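# Examination of the molecular architecture
Residue strings, one per chain:
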Amino acid sequence: MSSCVLAYSGGLDTSVILSWVMEQGYDVHAVYVDLGQPCEDREAILKKARDAGAATARVVDAQEELCRDFAFPVLQWQAKYEAIYLLGTSIARPLISKKCLQVAREVGADTFAHGATGKGNDQCRFQLAAEALEPGIAVLAPWRKQEFRDKFPGRSEMIAYCDQRQIPVKASVSKPYSSDENCLHISYEAGKLEDLNVNGVELVEFGMTVSPQQAPDNVENVTVAFEAGVPVAVNGQKYGASEIVRKLNEIGGRNGVGRVDMVENRFVGMKSRGVYEAPGMTILYESLRVLEQITLDRELTHLRDRLAPEVAELVYYGFWYAPKMDALFALIHQAHRHVTGEVSLNLYKGNVMVAGRQSPYSLYDEGIATMEGGGSYNQDDAEGFLRIQGLPGRVQARVTPRTY
């Protein structure tokens, strides 16, 4: 009998797929990669896998690795897909693939199975990561099999299948949207969210944030400290990477920070609608940007900003384990050597506002920047500077005058 490792979340799709893959003649090893999913019962999920007939079912804790080695390097790039999405799901997929392949090596499985559909981005992220790490691995994606789609043409049929077999799942016919969660964010899609006239933030039952309207009527201050571009402390207390994210999730969540409703362009070519919440990462993105404003010089900042969309695309498309990504991460590590300091933010009903910032490497010189008299900047120098800058324009104007 063939053996496969299944990236198992215990949600609707992988609950159905576990049984279906077994029907195809596989021994299935279910791997739940613990990424700090805030709303999931790990023991119940493992029990469900074992009850369904999995050969083995295990939890692999990757919370610290997710934040330290995956999310924080992307944060340093200020990478947002299409200027909005903080890539919470995208960042996690190559790590899930890595952990599943480690289990596959341990149990001798030659196949890696996942529950991503043939329409989405996750199939790309899982497979591109798996093939980059283990070129000989077989990837089984049931949603790309016609016989699977014939049996389960939609989520209603999958829900009915689970009901018949008494497999507990969160999805229901009355609430058929799908969710994916980790400590970085929760995403919501499908079902009623596919109707763009439906208000997504009113429909979704959020797991990490209160609505801005329900947030406290008073401002809450939070400070975040960084060393070489890496978050190291919250409110003066040092924590590990995953604990920092969790602390900021709590703080940002109760203040309604980090909700997004967007229509994005998938790698496979279609547009899709997603609702996301990422309170902690939203605070980290804003606080790091504020610190960079005083510690990164202009040319380096602008270079980073030009390259950030490329980093976001590589992460979103699934090219995590690629030479280009390796080089880009090496670049940002070098660029952030002196991005050290502390930022104070005020949170109020979904808003994140700067209260203060400081760094031992600050490039801000009040004596140069002051608009008051004196200071160390000689305004006479600007005369020659502008004459030189204007030289090409003056020559061009003489040769080809502009009408005005």
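Note that the coordinates shown come from a computational prediction; the quantities given were computed from them, not determined experimentally.

### Focus on the packing of helix H1 (residues 12-23) against helix H7 (residues 155-164)
Relative orientation of the contacting elements H1 and H7 amounts to 70 degrees, with a least axis distance of 10 Å. Considered as vectors, H1 and H7 are oriented roughly perpendicular to each other. Here the hand of the crossing between H1 and H7 comes out left-handed. On H7, the residues touching Leu12, Asp13, Ser15, Val16, Ser19, Trp20 and Glu23 of H1 are Arg155, Met158, Ile159, Tyr161 and Cys162. For the contact of H1 with H7, the per-class residue count stands at 7 nonpolar, 2 polar and 3 charged.

### Some points on the sheet that holds strand S7 (residues 186-189)
Ordered by their spatial adjacency, 4 strands build an open sheet running S6-S7-S12-S11, and the pairing between neighbours is antiparallel. Every other strand in the sheet has two partners, leaving strand S6 (178-181) and strand S11 (259-265) as the edge strands with one partner each. If you compare each strand with its neighbour and ignore which way they point, the axes differ by 25 degrees on average. Strand direction decides the pairing type here: S7 and strand S12 (residues 271-277), joined by 3 bridges, are antiparallel.

### Section: the side chain of Glu264
You can see Glu264 is positioned in strand S11. A polar contact is formed between the side chain of Glu264 and the side chain of Tyr276, at a distance of 2.7 Å. Non-local contacts of Glu264, meaning those with residues more than four positions away in its chain, are made with Tyr81, Glu82, Asn121, Met270, Lys271, Ser272, Tyr276 and Tyr316.

### Regarding empty space enclosed by the protein
In total, this model carries 1 cavity of 30 Å³ or more according to the counting rule given. Looking at the largest cavity, its volume works out to about 40 Å³. Put simply, the parts of the chain that give the lining of the largest cavity at least two residues each are helix H11 (298-317) and helix H12 (323-335). A breakdown of the residues in the lining of the largest cavity according to their chemical character gives 6 nonpolar, no polar and 1 charged.

### Focus on the sheet that holds strand S8 (residues 220-227)
An order of S10-S9-S8-S13-S14 is seen for the 5 strands of this open sheet, with the pairing classed as antiparallel. Each end of this open sheet is capped by a strand with a single partner; those strands are strand S10 (237-238) and strand S14 (351-358). Sheet analysis places S8 next to strand S13 (residues 341-348), joined by 7 bridges and oriented antiparallel. Residue pairing for S13: Ala225 is matched across the bridge by Glu342.

### Details of the layout of surface pockets
A probe matching the size of a water molecule, rolled over the atoms, marks out where space remains unfilled. Computed from the structure, the second largest pocket encloses a volume of approximately 240 Å³. What lines the second largest pocket is a set of 17 residues, and nearest its centre among them are Lys80, Ile84, Leu86, Val260 and Thr282. Put simply, the parts of the chain that give the lining of the second largest pocket at least two residues each are S12 and helix H10 (279-295). Broken down by element, the lining of the second largest pocket gets its largest block of residues, 3 residues, from H10. Residues belonging to the lining of the second largest pocket are distributed by class as follows: 10 nonpolar, 4 polar and 3 charged.

### Let's talk about the state of the cysteines
The full count for this structure, using the stated rule, is 0 disulfides. Between Cys183, a cysteine without a disulfide, and Cys67, which holds the nearest cysteine sulfur, the sulfur-to-sulfur distance is 3.5 Å. Of the residues examined, Cys183 reaches a relative accessible area of 2% and is grouped as buried.

### Examining H10
With 17 residues, H10 extends 25 Å from end C-alpha to end C-alpha; this agrees with the ideal 24 Å at 1.5 Å per step. Burial runs high along H10: 13 of the 17 residues are buried.

### Brief notes about the packing of helix H3 (residues 63-76) against H10
The contact between H3 and H10 brings their axes to 10 Å, and the two run at 45 degrees. With respect to H10, the axis of H3 lies oblique. Relative to H10, H3 is oriented so that their crossing is right-handed. Mapping the contact onto sequence places Ala71, Phe72, Val74, Leu75 and Gln76 in H3 and Met281, Leu284, Tyr285, Leu288 and Glu292 in H10.

### Quick look at the pattern of salt bridges
A full pass over the atoms with the stated rule returns 21 salt bridges. A salt bridge links Lys98 to Glu65; the shortest N-O distance between them is 2.6 Å. You can see Lys98 sitting in helix H4 (residues 88-107) and its partner Glu65 sitting in helix H3, a full 33 residues away along the chain. Since its relative accessible area comes to 13%, Glu65 is described here as buried.

How each quantity is defined
Residues numbered from 1 in each chain as written. Predicted model: local features only at pLDDT ≥ 70, side-chain atom pairs only at ≥ 80, totals over all residues. Heavy atoms only, no water. Axes fitted to C-alpha atoms, helices over the stretch in contact; angles between N-to-C directions. Helix = DSSP H or I, 4+ residues; strand = E, 2+ residues; numbered from the N terminus. Parallel < 35°, antiparallel > 145°, perpendicular 65-115°, else oblique. Left-handed = near helix turned anticlockwise from the far one by under 90°. Contact = heavy atoms within 4.5 Å. Nonpolar A, V, L, I, M, F, W, Y, C, P; charged D, E, K, R; others polar. Pairing = 2+ DSSP bridges. Polar contact = N/O pair within 3.5 Å; in protein donor to acceptor, adjacent residues only side chain to side chain. 1 Å grid on protein atoms, 1.4 Å probe; cavity = no way out; pocket = protein on both sides within 12 Å on 5 of 7 lines; lining within 4 Å. Points joined across faces, edges and corners; volume = space filled by probe spheres on them. Disulfide = S-S within 2.5 Å. Buried < 20%, exposed > 50% of the residue type's maximum accessible area, 1.4 Å probe, protein only. Expected span 1.5 Å × (residues − 1). Salt bridge = Lys/Arg side-chain N within 4 Å of Asp/Glu carboxyl O.

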